[in-house]
Amino acid sequence: MTLRVGFVGLGNIGKPMARRLAAAGLSTTVCDVVEASVDELARVGAAPARSPRELAARAEVIGVCVRDDADVRAVVYGDDGLLAGAAVGSVIALHSTILPSTVREVGAAAAERGVGVVDACVTGGAANAAAGKLTVIAGGDPAQLERCRPAFEAYAVKIVHTGPLGSGAATKLCNNLMTYLAWVSAFESFHLARAAGLSQEKLEEVTKSNGNLTEPMRAFLALHKAPEETRRSSGFQAMLRSFTTLAEKDLAVTLAFARELGVALPGTGLAAQLMARVYGLDDPARR
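Quantities reported herein were computed from a predicted structural model and do not represent experimental measurements. (Residues numbered from 1 in each chain as written. Predicted model: local features only at pLDDT ≥ 70, side-chain atom pairs only at ≥ 80, totals over all residues. Heavy atoms only, no water.)

J.: When you look at the overall build of the protein in this model, what are you seeing that I'm missing?
T.: Of the regular secondary structure elements, the protein holds 14 helices and eight strands. The globule rule puts the C-alpha radius of gyration for 287 residues at 19 Å, and the 20 Å found for the protein is close to it. C-alpha atoms of the protein, sized along the principal axes, occupy 65 × 45 × 35 Å. In the protein, buried positions account for 48% of the 287 residues. When contacts within the protein are restricted to residue pairs at least 6 apart in sequence, long-range pairs at least 24 apart make up 65% of them. Summing over all exposed atoms, the protein offers an accessible surface of approximately 13,500 Å²; the carbon and sulfur share of this is 56%. Distance from the positive charge centre (30 side chains) to the negative charge centre (29 side chains) of the protein: 4 Å. (Helix = DSSP H or I, 4+ residues; strand = E, 2+ residues; numbered from the N terminus. Rg over C-alpha atoms; globule rule 2.2 N^0.38 Å. Buried < 20%, exposed > 50% of the residue type's maximum accessible area, 1.4 Å probe, protein only. Contact = heavy atoms within 4.5 Å. Areas by Shrake-Rupley, 256 points an atom, 1.4 Å probe, with all protein chains shown as cover. Lys, Arg positive; Asp, Glu negative; His and termini not counted. Charge placed at Lys NZ, Arg CZ, Asp CG, Glu CD.)

J.: Help me understand the sheet that holds strand β7 (residues 134-139), please; the structure alone is not making it clear to me.
T.: What links the strands of a sheet is backbone hydrogen bonding, and the strands pair in either a parallel or an antiparallel sense. Taken in spatial order, the eight strands line up as β3-β2-β1-β4-β5-β6-β7-β8 in an open sheet, and their pairing is mixed. On the outer flanks of this sheet lie β3 (47-48) and β8 (156-163), each paired with one strand and no other. Inspection of the sheet shows strand β6 (residues 116-123) paired to β7 by five bridges, in the antiparallel sense. When the sheet's bridge partners are listed, Ala-120 is paired in β7 with Ala-138. Where helix α1 (residues 14-23) meets the sheet, it contacts β1 (4-8), β2 (27-31), β6 and β7, and its direction lies at approximately 165 degrees from that of β1. (Pairing = 2+ DSSP bridges. Axes fitted to C-alpha atoms, helices over the stretch in contact; angles between N-to-C directions.)

J.: Before we go on, may I ask you to explain helix α8 (residues 142-155) in this structure?
T.: Residue pairs three or four apart in sequence face the same way in an α-helix, which turns once every 3.6 residues. Between its first and last C-alpha, α8 extends 19 Å over 14 residues, near the 20 Å set by a 1.5 Å rise per residue. Within α8, the axis deviates most sharply at Arg-149, by approximately 50 degrees, and proline Pro-150 lies no more than four positions further along. If you check which residues of α8 are buried, you get Leu-145, Cys-148, Ala-151, Phe-152, Ala-154 and Tyr-155. (Expected span 1.5 Å × (residues − 1). Bend = angle between axes of the 7 residues up to and from the residue.)

J.: Would you take a moment to explain the side chain of Lys-249 for this structure?
T.: Tracing the sequence through the fold places Lys-249 in helix α13 (residues 234-261). By relative accessible area, which is 11% here, Lys-249 ends up buried. A polar contact is formed between the side chain of Lys-249 and the backbone oxygen of Thr-97, at a distance of 3.4 Å. (Polar contact = N/O pair within 3.5 Å; in protein donor to acceptor, adjacent residues only side chain to side chain.)

J.: Help me understand the environment of Leu-213 in this model?
T.: Along the chain, the position of Leu-213 falls in the loop between α10 (200-209) and α11 (215-222). Along the primary structure Leu-213 and Leu-41 are separated by 172 residues, whereas in three dimensions their C-alpha atoms are 37 Å apart. Excluding residues that lie within four positions of it along the chain, Leu-213 makes contacts with Glu-204, Thr-207, Lys-208, Arg-218 and Leu-221.

J.: Teacher, can you tell me more about the layout of surface pockets here?
T.: Over the atoms, a rolling probe the size of a water molecule traces out where space has been left empty. Taken as a whole, the largest pocket encloses approximately 1,700 Å³ of empty space. Contributing to the lining of the largest pocket are 49 residues, with Asn-12, Ile-13, Gly-125, Leu-246 and Asp-250 lying nearest its centre. Mapped onto the lining of the largest pocket, the elements with two or more residues apiece are α4 (69-76), β6, α7 (125-131), α9 (167-195), α11 and α13. In the lining of the largest pocket, the residues fall into 26 nonpolar, 17 polar and six charged. (1 Å grid on protein atoms, 1.4 Å probe; cavity = no way out; pocket = protein on both sides within 12 Å on 5 of 7 lines; lining within 4 Å. Points joined across faces, edges and corners; volume = space filled by probe spheres on them. Nonpolar A, V, L, I, M, F, W, Y, C, P; charged D, E, K, R; others polar.)

J.: Explain the pattern of salt bridges here, please?
T.: When their charged atoms lie close together, side chains carrying opposite charge are able to pair. With the rule as written, the count across this model stands at 16 salt bridges. Arg-50 is the salt-bridge partner of Glu-54, the closest N and O atoms lying 2.9 Å from each other. Arg-58 is the salt-bridge partner of Glu-54, the closest N and O atoms lying 2.3 Å from each other. Pair noted here: Glu-54 and Arg-58 are both in helix α3 (residues 52-58), with a separation of four residues, about one helical turn. What makes Arg-58 partly exposed here is its relative accessible area of 31%. Each of Glu-204, Glu-215, Arg-218 and Lys-225 takes part in salt bridges that share partners, so that together they form one network. (Salt bridge = Lys/Arg side-chain N within 4 Å of Asp/Glu carboxyl O.)

J.: Can you help me understand helix α2 (residues 35-42) in this one?
T.: For α2, the complete set of buried residues consists of Ser-37, Val-38 and Leu-41. For α2, the angular spread of buried residues about the axis comes to 100 degrees, placing them on one side. Along α2, the residues that are exposed and aim more than 90 degrees away from the buried face are Glu-35 and Ala-36. Packing partners of the buried residues in α2 comprise α1, β2 and β3. (Arc of directions from axis to C-beta.)

Structure representation (structure tokens):
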């Protein structure tokens, strides 16, 4: 029998993930606060739901890909939340980048209703979501993970089970820390090279050869290779603003997690204040 899946959150990453679910032939129901996004998915075979509760009542596996901890709670709890409609034995997969403590909180509330929870953070970006090449970083009960596997395989090329509930979210935060500090190092290295009059192409050749410059770092640096007129255009700046806002949010969660553990991350704290400059956002208040 075809797995019945639901997906809440049709943003930059969530929309292509949900589209992959529908394209894989899974019975897919979607919900989002933006009606146009729901309509777009309905045109490719997904069924619309008016609320998370309505969606949960139709699904065995429910993906949640919303902005932050507050949005996860808003989707899961309340009279119109997922737990109000989810059947016993269903599983909620939390794809959002949130605190591990929030994952465990939601897991405990869901368990009281006989509903499973896995944290299933994703990495790879929107392009890899559309291509079905994400990596799922999953924490939780192995049996519940297996329930979700057909859905995950629709948009992921690799599924890594990191351990108990919350470990997937924790691993994602560590991954994000590494990513954004890499952006800082790449930006400042090439900024110094430009000031010194060095060939950026030669620097890229050297750092690619010795392994310092990774393909994702090269993709990031491509943002700075666009013509100045393009970089200052309203559309390009809107894109950079979205990248910056996401980076600042992700690093804020990482720092909150570190505080919970009593761990000092001074480099991460500084990086969180530099993201507008690193991306090239034309906003003096954030640089």
